[in-house]
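Chain residues, written in single-letter form:
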Amino acid sequence: MQNLKYLFFFGCLSFFFACNPKKEKKVPVTKTFNGYTISGVNYTDSDSIYLLDSNLDIIIKSKISNKNILLKGEINAPSVAFLKLNKEEDLHTIILENESYNMLFSKNKATVLGGKLHQKYADYQNTMHQTAISKSKYVDDSYINENYLNFIQENSTNLLGLHLIQQKKLSSKTIGDIQQRIENSTNTELKTYLAKLKNTTVIAEAAAKIENRPIAKGFSGTNLIGRVTTLAQVKRGKKAVLIDFWASWCGPCRVLSPRIKKLYETYKNQGFDIVTVSQDRSINAWENGVYEDGMENWNHVYDDDNDIAKMYGVRGIPHMVLLDDKGRIIQNKIPIGKLEAELEKIFK
């Protein structure tokens, strides 16, 4: 009987706890922050700091309290951004990711550390800076250029490759080298950018090359009727002028005469003219050669003592010099094939 009482008691107790479960204490859940955190110390007079995007628009602004800096936010994808203190002019590049960064601002220096891409970029910049400082006969531009190309190749699938390309003016040759290096890259955006950049660079280089052409030196000489002909007269209003150093005793010169004559007949009404500068030893030989080759329809001058030839560095003939519409030298000592091709481009 006693045993039945105990069994009844424990059964009731079990039923009580089953019907009245103990309430569990709720633990608050802390939400994980997945954005970027930029913290550090400021030793300048500035009291505010800005985080700017690539267009220099403000992403976030923060007050600097007790020299302590804190910027927090979140981005969808890595991007190039800038840090700027409100009383300083300098912009400090940061490759912004959802990572942690540390920085130190002083009057003479700004240091930003952290972030996978930013640290990789900072290490590269530091290496190139140290290389430039210690540059010697053992470290030339080809070495620096090779490091530059290697870095772009290694980072062609992230934003660092494009960012580095945008940091300096590149020649069409260097752009071509980059295109070759990233030929197997999956970054179509970068490839498209480089293709457009190369096209505009080639055009700009061609324009610069034209602008940098040297101006042809002026000269004058006696023509076939005993009067004076000047280069200035021949150039006036013309799109292209050929200075042809020639002599009747020069076999190769006279072999070219029919081709020169054909060019004159083809383009004379489109703004092309010729002045042939004779290196003959006598006026009679010069005059006879001109008429024998049927070249009397354009300008001719006799070069006494080879003064004009010396002016243009002529050491042998035939020697032709092609000028553009502003009297600038397109090419000194231009071969006949190149001359024909250039005139075709000018008068197309």
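How each quantity is defined
- Sequence positions are assigned chain by chain, starting from 1 and proceeding in written order.
- Only residues with pLDDT of at least 70 are given local features in this predicted model, and only at 80 or more are side-chain atom pairs given and counted; all residues enter the totals for whole chains, interfaces and linings.
- The side-chain quantities take in all heavy atoms of the structure and omit both hydrogens and water.
- Secondary structure follows DSSP: runs of H or I at least 4 residues long count as helices, runs of E at least 2 residues long count as strands, and numbering of each begins at the N terminus.
- Only protein chains enter the accessibility calculation, which uses a 1.4 Å probe. A residue is then buried if its area is under 20% of the maximum for its type, exposed if over 50%, and partly exposed in between.
- Any two residues whose heavy atoms approach within 4.5 Å are treated as being in contact.
- The Shrake-Rupley method, run with a 1.4 Å probe, gives the accessible areas here. Residue values count only the displayed protein chains as cover.
- The criterion for strand pairing is that DSSP finds at least two bridges linking the strands in question.
- A pairing counts as a salt bridge when a side-chain nitrogen of Lys or Arg comes within 4 Å of a carboxyl oxygen of Asp or Glu.
- Grouping buried Ala, Val, Leu, Ile, Met, Phe, Trp, Tyr and Cys residues that are joined through side-chain atoms within 4.5 Å yields what is termed a nonpolar core.
- To get an axis, a line is fitted to the C-alpha atoms, and for a helix only the part in contact is used. The angle between two axes follows their N-to-C directions and goes from 0 to 180 degrees.
- Here a pair means two rings of Phe, Tyr or Trp (six-membered ring of Trp) with centres within 6.5 Å. Their orientation is stacked below 30 degrees between planes, edge-to-face above 60, and tilted elsewhere.
- Distance and angle both matter: a charge sits over a ring if NZ of Lys or CZ of Arg is within 6 Å of the ring centre and within 35 degrees of the ring normal.
- Here, a disulfide means two cysteine sulfur atoms that sit within 2.5 Å of each other.
- Pairing of N or O atoms within 3.5 Å defines a polar contact, subject to two protein rules: one partner must be a possible hydrogen donor and the other a possible acceptor, and residues neighboring in sequence count only if both atoms are side-chain atoms.

Trainee: Can you lay out the overall build of the protein for me, pointing to particular residues and giving the numbers?
Mentor: Scanning the protein from terminus to terminus reveals 11 helices and 15 strands. Sorting the 348 residues of the protein into buried and exposed places 38% on the buried side. Contacts in the protein between residues at least 24 apart in sequence constitute 62% of all its contacts with a sequence separation of at least 6. Counting only carbon and sulfur atoms, one obtains 52% of the accessible surface of the protein, whose full area is about 21700 Å².

Trainee: Could you give me a rundown of the pairing of strand E13 (residues 299-302), with the residues and numbers involved?
Mentor: Bridge count between strand E12 (residues 272-278) and E13: four bridges; the pairing is parallel. Within the sheet, the bridge partner assigned to Val277 lies in E13 and is Val301.

Trainee: So, the environment of Leu197: which residues are in play, and what are the values?
Mentor: Tracing the chain through its elements places Leu197 in helix H6 (residues 188-211). With relative accessibility at 22%, the residue Leu197 sits in the partly exposed group. Taking the C-alpha atoms as reference points, Leu197 and Ser171, 26 residues apart in sequence, are found 9.8 Å from one another. Apart from the residues lying within four places of it in its own chain, the contact partners of Leu197 are Ile165 and Ile175.

Trainee: Account for the pairing of strand E8 (residues 110-114), naming residues and giving values.
Mentor: The sheet contact formed by strand E7 (residues 100-105) and E8 spans five bridges and is antiparallel. Looking across to E8, one finds that Met103 is bridged to Val112. The turn joining E7 and E8, which pair antiparallel and follow one another in sequence, is formed by four residues.

Trainee: For the pattern of salt bridges, give the residues involved together with the corresponding values.
Mentor: Tallied over the full model, the rule gives 12 salt bridges. As a salt-bridge pair, Asp177 and Lys173 come within 3.3 Å of each other at their nearest N and O atoms. Of this pair, Asp177 and Lys173 are both found in helix H5 (residues 172-181), four residues apart, which corresponds to roughly one turn of the helix. Overall, the relative accessible area of 21% leaves Asp177 in the partly exposed class. Taking the relative accessible area as the measure of exposure, Lys173 reaches 60% and is therefore exposed. Here Asp324 and Arg213 are joined by a salt bridge, their closest N and O atoms 3.0 Å apart. Here Asp324 is found in the loop between strand E14 (319-323) and strand E15 (329-332), whereas its partner Arg213 is found in the loop between H6 and strand E9 (220-222), with 111 residues between them in sequence. Looking at Asp324, the relative accessible area reads 6%, which means it is buried. Members of the salt-bridge network, linked through shared partners, are Glu211, Arg213, Asp324 and Arg328.

Trainee: Tell me about the nonpolar core, and please be specific about residues and values.
Mentor: In terms of nonpolar packing, the biggest core is built from 45 residues, with Ile243, Phe245, Tyr312 and Leu339 touching the most fellow members. Contact partners of Phe245, with chain neighbours within four places excluded, come to Cys253, Val277, Gln279, Ile308, Ala309, Tyr312, Val314, Ile317, Pro318, His319 and Val321. In terms of nonpolar packing, the next biggest core, distinct from the first, is built from 22 residues, Leu149, Leu164, Ile178 and Ile182 among them.

Trainee: Please give an account of the sheet that holds strand E1 (residues 36-42) that cites residues and values.
Mentor: The four strands are arranged E4-E1-E7-E8 in an open sheet whose pairing can be described as mixed. The open sheet has two edge strands with one neighbour each: strand E4 (68-73) and E8. Put simply, the sheet's adjacent strands are angled 15° from each other on average, direction ignored. Where E1 lies against E4, six bridges are found, and the strand directions are antiparallel. Within E4, the position partnered with Thr37 by the bridge is Lys72. Helix-sheet contacts for helix H2 (residues 116-133) involve E7 and E8, and the interaxial angle to E8 is about 130°.

Trainee: Go over the packing of aromatic side chains with me, naming the residues and quoting the values.
Mentor: Following the criterion strictly, the structure yields eight aromatic pairs and no others. With centroids separated by 6.4 Å and ring planes inclined at 70°, the aromatic side chains of Phe272 and Phe347 adopt a geometry described as edge-to-face. Within this pair, whereas Phe272 is found in strand E12, its partner Phe347 is found in the segment after helix H11 (336-346), the two being separated by 75 residues in sequence. Counting every residue linked through ring pairs, the aromatic cluster contains Phe219, Phe245 and Tyr312. The ring centre of Phe33 lies 4.6 Å from the NZ or CZ of Lys72, which sits over that ring. Arg281 extends its terminal NZ or CZ atom over the ring of Trp249, reaching a point 4.8 Å from the ring centre.

Trainee: Please set out the state of the cysteines residue by residue, giving values where relevant.
Mentor: Under the counting rule described, the total for this entry stands at one disulfide. Here Cys250 engages in a disulfide with Cys253; their sulfurs sit 2.4 Å apart. Its torsion about the S-S bond being 75°, the disulfide of Cys250 and Cys253 is classed as right-handed. Classification of Cys250 as buried rests on a relative accessible area of 3%.

Trainee: Tell me what's going on with the side chain of Ser46, and back it up with residues and numbers.
Mentor: Mapped onto the elements of the fold, Ser46 is located in the loop between E1 and strand E2 (48-52). For Ser46, the side chain forms a polar contact with the main-chain nitrogen of Lys87, separated by 3.1 Å. Once you skip the residues sitting within four places of it in the chain, Ser46 turns out to touch Ile64, Leu85, Asn86, Lys87 and Glu88.

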